[in-house]
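Summary of structural features
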Amino acid sequence: MRLILLGPPGAGKGTQAARLAAKFTIPQLSTGDMLRAAVKAGSPVGMKAKAVMDSGGLVSDEIVVGIIADRIREADAKNGFILDGFPRTVAQARALDELLAAMRMQLDAIVELKVDEKALLGRIEKRAAETLAAGGAVRADDNPASFKVRLDAYRELTAPVSAYYAGRGTLKTVDGMLAIDAVSSAMDAQLKAEPAAFGAAK
Ligand code: ADP
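None of the values given here were measured: they were computed from a predicted structure.

Basis of the calculations
- Residues numbered from 1 in each chain as written.
- Predicted model: local features only at pLDDT ≥ 70, side-chain atom pairs only at ≥ 80, totals over all residues.
- Heavy atoms only, no water.
- Near = heavy atom within 4 Å.
- Polar contact = N/O pair within 3.5 Å; in protein donor to acceptor, adjacent residues only side chain to side chain.
- Areas by Shrake-Rupley, 256 points an atom, 1.4 Å probe, with all protein chains shown as cover.
- Helix = DSSP H or I, 4+ residues; strand = E, 2+ residues; numbered from the N terminus.
- Nonpolar A, V, L, I, M, F, W, Y, C, P; charged D, E, K, R; others polar.
- Buried < 20%, exposed > 50% of the residue type's maximum accessible area, 1.4 Å probe, protein only.
- Pairing = 2+ DSSP bridges.
- Arc of directions from axis to C-beta.
- Contact = heavy atoms within 4.5 Å.

The ligand sits among 19 residues. The nearest are T31, R36, G57, G85 and R150. Within the backbone of G57, one N or O atom sits 2.5 Å away from an oxygen atom of the ligand. About the coverage of the ligand: the protein hides 96% of its 550 Å² of free accessible area. When residues in the shell around the ligand are grouped by element, the largest group, 4 residues, is from helix α2 (residues 31–41). Looking at the shell around the ligand residue by residue, the classes come out as 7 nonpolar, 5 polar and 7 charged.

Before going further, it helps to spend a moment on the pairing of strand β5 (residues 171–175). Burial along β5 is one-sided: the face carrying K172 and V174 is buried and the face carrying L171, T173 and D175 is not. With 5 bridges joining them, strand β4 (residues 109–114) and β5 adopt parallel strand pairing. By the bridge assignment for β5, L113 is matched with V174.

As a further point, take helix α3 (residues 44–55). If you check which residues of α3 are buried, you get G46, A49 and M53. When α3 is viewed along its axis, its buried side chains cluster within an angular range of 80 degrees and face the same direction. With respect to the buried face of α3, the exposed residues turned more than 90 degrees away are P44, M47, K48 and A51. Along its buried surface, α3 packs onto α2. One or two residues past the end of α3 sits G56, with phi positive at roughly 105 degrees.

If you want it as structure tokens, here you go:
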């Protein structure tokens, strides 16, 4: 199963991706998590990415495509993966098509979580409060100013990715405003409804 989850920041992609990863025993590939790990490790990629991530902007296509290109070649991704937070621009979606074509791999499904934008900031603030209460460190971009930049980046650069896949007739949508378990069930139903794998656009 090779799956892409799309949706705005705070839509619940990470939560659902983790559940699907456990269900299908395939890795969850979150570019956000990988970039945060790079920042924490102080690697060259992390040092380049930190300021732009903290402000809510997007890291360059070159960096994230490089990260994904390396990651999907690892052994644990051989039988499938769930992409969470990638592709986030149409250029990234095109680069992914090329990578998959070169590896003779196909995507099985692309699922978009639809959410009411008015609910998103509240969700981010709740996540920050819960993290703090649990004694964890709040993400540097989980604040209203960075969130606004993230949402603007989503509208301008990531929403067209949905159109890119919808244009091929390969996009499924799930109501992300439901409770977590209900979203999971809706997602299962969509994945079961998925017909045969489709090829990368050429
Ligand atoms: P969220 O979906 O909650 O906004 P993520 O954890 O997916 O957060 O990403 C956090 C940040 O990491 C993004 O705001 C961006 O700076 C960077 N990032 C993650 N994935 C990508 C990507 N595919 N392209 C560019 N930047 C990315």
